[in-house]
Amino acid sequence: MTVADELEPATPENEATEAEEPIKQRKNGLYPGVSDELAENMKSGWADTELHDLRPIAQAAETAARRAALSARFPGDRLVIPSGNLKTRSNDTEYPFRASVEYAYLTGNQTEDGVLVLEPKGEGHEATLYLLPRSDRENGDFWLSGQGELWVGRRHSLTESEKLYGIPVSDVRELADSLREATGPVRVVRGHDAGIEAALTDKVTAERDEELRAFLSEARLVKDEFEIGELQKAVDSTVRGFEDVVRVLDKAEATSERYIEGTFFLRARVEGNDVGYGSICAAGPHATTLHWVRNDGAVRSGDLLLLDAGVETHTYYTADVTRTLPINGRFSEIQRKIYDAVYDAQEAGIAAVQPGGKYRDFHDAAQRVLTERLVEWGLVEGPVERVLELGLQRRWTLHGTGHMLGMDVHDCAAARVETYVDGTLEPGMVLTVEPGLYFQADDLTVPEEYRGIGVRIEDDILVTENGNRNLSAALPRRSDEVELWMASLKGAGQS
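Residues numbered from 1 in each chain as written. Predicted model: local features only at pLDDT ≥ 70, side-chain atom pairs only at ≥ 80, totals over all residues. Heavy atoms only, no water.

Novice: Quick question: what am I supposed to make of the environment of G310 here?
Specialist: Mapping G310 onto the fold places it in the loop between β10 (304-309) and β11 (311-312). The spacing of G310 and V455 is 145 residues in sequence and 18 Å in space, taken between C-alpha atoms. Other than its neighbours up to four places away in sequence, G310 contacts T238, F264, D274, V275, G276, Y277, T318 and A319. (Helix = DSSP H or I, 4+ residues; strand = E, 2+ residues; numbered from the N terminus. Contact = heavy atoms within 4.5 Å.)

Structure follows, in structure tokens:
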């Protein structure tokens, strides 16, 4: 990695004053400074790169409709939705930036330091997108600043951004001062931009801000056609990522779970933006750890691999799919017994996903099937109703059977309980159905043959007008179909 010897990285504290103040030099830079002659030389001789043929982003109509709904919900309030700032990973390196979901949902923009402001006007609002402009070549910002375009790449001009996002765009460096002088009621989405929050500290309340956050979360419960299309893209890429993994299981056996993680990550980065969450590549007893993301264990023939992974599209929509696979391609008798129980539970859960039904129905249906099997196997004393009432099955089922899915893997998390977990399913909602059974390696309450086996099957389900559609149906689920699918892929090259 090349380091800009003569610069100090820009931070939220110094970014706003870069145009007025000299850019600081790095403490241990190899150059003592910048000569006047070099500074003058770097100001000129650059071609005009303004882009004039830009078209609006694909979801411009959808983001406009979302802003209109937001405006209607909070008449008379100034609404401030930041994208967030870069976060330091270590010293002078940052984590890859991902804009806040609320901001990206309303604008389609994904750049750091951006802020969407809806100013009350008449009976509605006037939206302005505040962004960083192109790097200044007159003061050396573009080649001396840690976030200058020579170092991190070109960003769109404010004029270009107006064309892309269909929103008037202004310089974000002027926004904090403007907000400090604002009057009237204000709401802000908290937790993303400390500078913007500080400018509004005496104008906002936690209760009002939470109402804004909850509304934006609930607005995403029902997906529009663009979102459904993006989720299908994410799932389709994820299916190909699972196929990639099966093809290289022999190489994973020779190395570790990291080979599986890396293989899936390659598909995610080539076809999408990233993985939607840390991939769970859990082989053997690691499959009984719900969020096993260390992925540093052995991959052994005869064990199961629980792979929970999802590709995130360039517009931030993520898949969330799990398959539990026999590493050698064939389930043992006890593995198949447990797997088939989870499959039957998932079938019952998926069947319960219906418009007009309660959100909880799919969870209850899946838990009942799993509980019936646990009682049948003698692992817990019945009757089934008693076990369910006391929640005794949870020793081995552990988690809820699913969640909403979208721009976050656990989407809509800030929605009110009455509209989410106690709510009713509607067409356009997308949720996961993911029952599992997990027998810990040290669980002395079950026979030894069960110990260390973990099975989860997860699919992404769209609620339709007449029932549901499994977006991830291209991946086999039934145990015999899984074996046939794996046999057809093992040893084949990646596509």
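Novice: Sorry if this is basic, but what is going on with the packing of helix α14 (residues 333-351) against helix α15 (residues 361-376) here?
Specialist: When two helices pack together, their arrangement is given by the angle between the helix axes and the distance between those axes. The N-to-C vectors of α14 and α15 enclose an angle of 150 degrees; their axes lie 7 Å apart at closest approach. What the angle tells us is that α14 and α15 run roughly antiparallel. α15 is crossed by α14, and the crossing has right-handed handedness. Across from D340, A341, V342, D344, A345, A348 and G349 in α14, the residues of α15 making contact are F362, A365, A366, V369, L370 and R373. Grouping the constituent residues of the contact of α14 with α15 by class yields nine nonpolar, one polar and three charged. (Axes fitted to C-alpha atoms, helices over the stretch in contact; angles between N-to-C directions. Parallel < 35°, antiparallel > 145°, perpendicular 65-115°, else oblique. Left-handed = near helix turned anticlockwise from the far one by under 90°. Nonpolar A, V, L, I, M, F, W, Y, C, P; charged D, E, K, R; others polar.)

Novice: How should I be thinking about the sheet that holds β10 in this particular structure?
Specialist: By definition, the strands of a sheet pair up through backbone hydrogen bonds, in either a parallel or an antiparallel sense. Ordered in space as β9-β10-β12, the three strands form an open sheet in which the pairing is antiparallel. Of all strands in the sheet, those with a lone pairing partner are β9 (280-283) and β12 (321-326), marking the two edges. Each adjacent strand pair in this sheet contributes to an overall mean axis angle of 10 degrees, direction not counted. Across four bridges, the pairing between β9 and β10 is antiparallel. Looking across to β10, one finds that A283 is bridged to L305. (Pairing = 2+ DSSP bridges.)

Novice: Explain helix α7 (residues 158-165) here, please?
Specialist: It helps to recall that an α-helix has 3.6 residues per turn; residues three or four apart then point in one direction. Along α7, the residues that are buried comprise L158, E160, S161, L164 and Y165. One face of α7 carries all of its buried residues, which in axial projection span an arc of 150 degrees. Looking at the buried residues of α7, the elements they touch are α3 (60-73), α4 (101-107), β5 (124-131) and β6 (169-171). (Buried < 20%, exposed > 50% of the residue type's maximum accessible area, 1.4 Å probe, protein only. Arc of directions from axis to C-beta.)

Novice: Sorry, what's going on with the sheet that holds strand β17 (residues 468-470) here?
Specialist: An order of β13-β16-β17 is seen for the three strands of this open sheet, with the pairing classed as antiparallel. Pairing within the sheet leaves two strands with one partner each, and these edge strands are β13 (430-433) and β17. With strand direction ignored, the average angle separating the axes of adjacent strands in the sheet is 35 degrees.

Novice: What's the story with the side chain of T263 in this structure? I'm lost.
Specialist: As for its position among the elements, T263 is in helix α13 (residues 257-271). Since its relative accessible area comes to 9%, T263 is described here as buried. Within the local environment of T263, its side chain forms a polar contact with the backbone oxygen of Y259, the two atoms lying 2.7 Å apart. (Polar contact = N/O pair within 3.5 Å; in protein donor to acceptor, adjacent residues only side chain to side chain.)

Novice: Before we go on, may I ask you to explain the UniProt feature "domain: Aminopeptidase P N-terminal" (unreviewed entry) in the protein in this structure?
Specialist: As recorded in UniProt, the sites labelled "domain: Aminopeptidase P N-terminal" (unreviewed entry) are residues 58-197. Annotated as residues 58-197, this span is 34% helix and 22% strand, and its ends, taken at the C-alpha atoms, are 31 Å apart. (UniProt positions renumbered as here; feature names shortened; annotations may be inferred.)

Novice: Would you explain helix α10 (residues 206-218) in this entry?
Specialist: Taking 1.5 Å as the rise per residue, α10 with 13 residues should run 18 Å; its terminal C-alpha atoms sit 18 Å apart, in good agreement. Buried within α10 we find D209, L212, A214, F215, L216, S217 and E218. Close packing links the buried residues of α10 with α3, β1 (78-82), α4 and β7 (186-188). (Expected span 1.5 Å × (residues − 1).)

Novice: Mind showing me how you'd approach empty space enclosed by the protein here?
Specialist: Empty pockets left among the atoms are what a rolling probe the size of a water molecule brings to light. Applying the stated rule across the entire model yields three cavities of 30 Å³ or more. Taken together, Q59, T63, R66, A104, Y105, G108, Q110, F226, T315, Y316, Y317 and M407 make up the full set of residues lining the second largest cavity. Those elements giving two or more residues to the lining of the second largest cavity turn out to be α3 and α4. Per-class residue counts for the lining of the second largest cavity are six nonpolar, five polar and one charged. (1 Å grid on protein atoms, 1.4 Å probe; cavity = no way out; pocket = protein on both sides within 12 Å on 5 of 7 lines; lining within 4 Å. Points joined across faces, edges and corners; volume = space filled by probe spheres on them.)

Novice: Any chance you could explain unusual backbone geometry here in plain terms?
Specialist: Working note: non-glycine residues mostly have negative phi, and peptide bonds are mostly trans. Each neighbour pair has its own omega, and for G382 with P383 the value is 5 degrees, a cis peptide bond. Inspection of the secondary structure assignment puts P383 in the loop between α15 and α16 (384-390). Look at D113: it is not a glycine, yet its phi comes out positive at around 70 degrees. Its location among the elements puts D113 in the loop between α4 and β4 (115-121).

Novice: How should I be thinking about the pairing of β1 in this particular structure?
Specialist: Side chains on a regular strand alternate between the two faces of the sheet. In terms of burial, β1 is a largely internal element, five of the five residues being buried. Burial along β1 is two-sided: R78, V80 and P82 and L79 and I81, pointing in opposite directions, are all buried. Where β1 meets β7, three bridges bridge the pair, whose relative direction is parallel. By the bridge assignment for β7, L79 is matched with R187. As paired elements, β1 and β4 share four bridges and run antiparallel to each other.

Novice: What is the right way to look at the pattern of salt bridges in this model?
Specialist: As a working rule, side chains carrying opposite charge can pair if their charged atoms are close by. In total, this model carries 37 salt bridges according to the counting rule given. Linking R154 and E160 is a salt bridge whose minimum nitrogen-to-oxygen distance equals 2.7 Å. We classify E160 as buried; its relative accessible area is 0%. Put simply, K203 and D202 hold a salt bridge, and the shortest N to O gap is 3.8 Å. (Salt bridge = Lys/Arg side-chain N within 4 Å of Asp/Glu carboxyl O.)

Novice: In this structure, what is going on with the packing of aromatic side chains? I would like to understand it.
Specialist: For any pair of aromatic rings, the description rests on two quantities: the centre-to-centre distance and the angle between the ring planes. Going through the model one piece at a time under the given rule, you end up with eight aromatic pairs. Between F242 and F264, the ring centres sit 6.0 Å apart and the planes meet at 85 degrees, which makes this aromatic pair edge-to-face. One end of the pair, F242, is in helix α11 (residues 225-247); the other, F264, is in helix α13, with 22 residues separating them in the sequence. Note on accessibility: F242 and F264 belong to one class, buried. The structure contains a cluster of three or more aromatic residues connected by ring pairs, namely Y359, F362 and Y420. A cation over an aromatic ring shows up here: R98 above the ring of Y316, its NZ or CZ 4.2 Å from the ring centre. (Phe/Tyr/Trp six-rings, centres within 6.5 Å; stacked < 30°, edge-to-face > 60°. Lys NZ or Arg CZ within 6 Å of the ring centre and 35° of its normal.)

Novice: Whenever I open this one, the packing of α11 against helix α18 (residues 479-489) confuses me. Can you help?
Specialist: Running from amino to carboxyl end, α11 crosses α18 at an angle of 70 degrees, the nearest separation of the two axes being 8 Å. Considering the angle they form, α11 stands roughly perpendicular to α18. The two elements α11 and α18 meet at a crossing, and its hand is right-handed. Between α11 and α18, the contacting residues are F242, E243, V246 and R247 on the first element and W485, M486 and L489 on the second. Each residue belonging to the contact of α11 with α18 can be placed in one class, and the counts come to five nonpolar, no polar and two charged.

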